[in-house]
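As a plain string of letters, each chain reads:
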Amino acid sequence: MTDSANNKIARKLRIARYLNWACYSGLMLLFAVRNLFLPGGSLKWWVVQTIPLLLVLPGLLRSHYRSYLWLCFILLLYITASIVDVMMPGRGWQHGLLLLLSLTLFFSAMMTSRWQRMQ
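Rules behind the numbers
Residues numbered from 1 in each chain as written. Predicted model: local features only at pLDDT ≥ 70, side-chain atom pairs only at ≥ 80, totals over all residues. Heavy atoms only, no water. Patch = residues over 30% accessible without salt bridge, like charges linked within 9 Å, V, L, I, M, F, W, Y side chains within 5 Å. Areas by Shrake-Rupley, 256 points an atom, 1.4 Å probe, with all protein chains shown as cover. Salt bridge = Lys/Arg side-chain N within 4 Å of Asp/Glu carboxyl O. Helix = DSSP H or I, 4+ residues; strand = E, 2+ residues; numbered from the N terminus. Axes fitted to C-alpha atoms, helices over the stretch in contact; angles between N-to-C directions. Parallel < 35°, antiparallel > 145°, perpendicular 65-115°, else oblique. Left-handed = near helix turned anticlockwise from the far one by under 90°. Contact = heavy atoms within 4.5 Å. Nonpolar A, V, L, I, M, F, W, Y, C, P; charged D, E, K, R; others polar. Buried < 20%, exposed > 50% of the residue type's maximum accessible area, 1.4 Å probe, protein only. Expected span 1.5 Å × (residues − 1).

**Digging into a nonpolar patch on the surface**
In step 1: A cluster of nonpolar side chains, namely Leu29, Val33, Leu36, Phe37, Leu38, Leu43, Val47, Ile51, Leu54, Leu55 and Trp93, defines an oily patch on the protein surface of about 1,100 Å² accessible area.
In step 2: Within the residue set of the nonpolar patch, elements represented by two or more residues are helix 1 (3-37) and helix 2 (43-55).
In step 3: Counting residues per element, the nonpolar patch draws most heavily on helix 2, at five residues.
In step 4: Mapped onto the secondary structure, Leu29 falls in helix 1.

Rendered as structure tokens:
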């Protein structure tokens, strides 16, 4: 690969990593607010929702491409559940935000893994 191509990939990778951390943090914050501070939430549900995401955190901190792949598999559960919740009448804004964050994180993690292997 040429230097120009490597620079483009490095730039895309930097943007994708930023997006990954923004969406990952957003999901964790959404789960905390929804389950710990809003009525109807519980500590039990907060633990159930955050444990799967925390399992891949050590690998994400070390930028292992396989951790991004595993994150994509985990996010499929969140995406599926949030699509079902968004389609139900009378649901709050949290479900739409969960869908948006999960989908964005899914695509950015998938592309991060791909671009990391290309370098």
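**Quick look at the packing of helix 2 against helix 4 (residues 65-87)**
In step 1: Two elements in contact, helix 2 and helix 4, have axes whose closest approach is 9 Å; the angle formed by their N-to-C orientations is 160°. In terms of orientation, helix 2 and helix 4 fall into the roughly antiparallel class. Both helix 2 and helix 4 take part in a crossing whose hand is left-handed. Of helix 4, the residues touching helix 2 (which contributes Gln49, Thr50, Pro52 and Leu53) are Leu71, Ile74, Leu75 and Tyr78.
In step 2: Residues belonging to the contact of helix 2 with helix 4 are distributed by class as follows: six nonpolar, two polar and no charged.

**Some words on the side chain of Asn20**
In step 1: Within the secondary structure, Asn20 is located in helix 1.
In step 2: Taking the relative accessible area as the measure of exposure, Asn20 reaches 4% and is therefore buried.
In step 3: Once residues within four sequence positions are removed from consideration, Asn20 is found in contact with Tyr68, Leu105, Ser108, Ala109 and Thr112.

**Comments concerning helix 4**
For an α-helix, 3.6 residues make a turn, and residues three or four places apart therefore share a direction.
In step 1: Taking 1.5 Å per residue as the helical rise, helix 4 with its 23 residues ought to reach 33 Å, and the 33 Å between its terminal C-alpha atoms agrees with that figure.
In step 2: Those residues of helix 4 that fall on the buried side of the exposure criterion are Ser67, Tyr68, Leu71, Cys72, Ile74, Leu75, Tyr78, Ile79, Ser82 and Asp85.
In step 3: Turning to helix 4, the residues buried within the fold contact helix 1, helix 2, helix 3 (57-61) and helix 5 (93-118).

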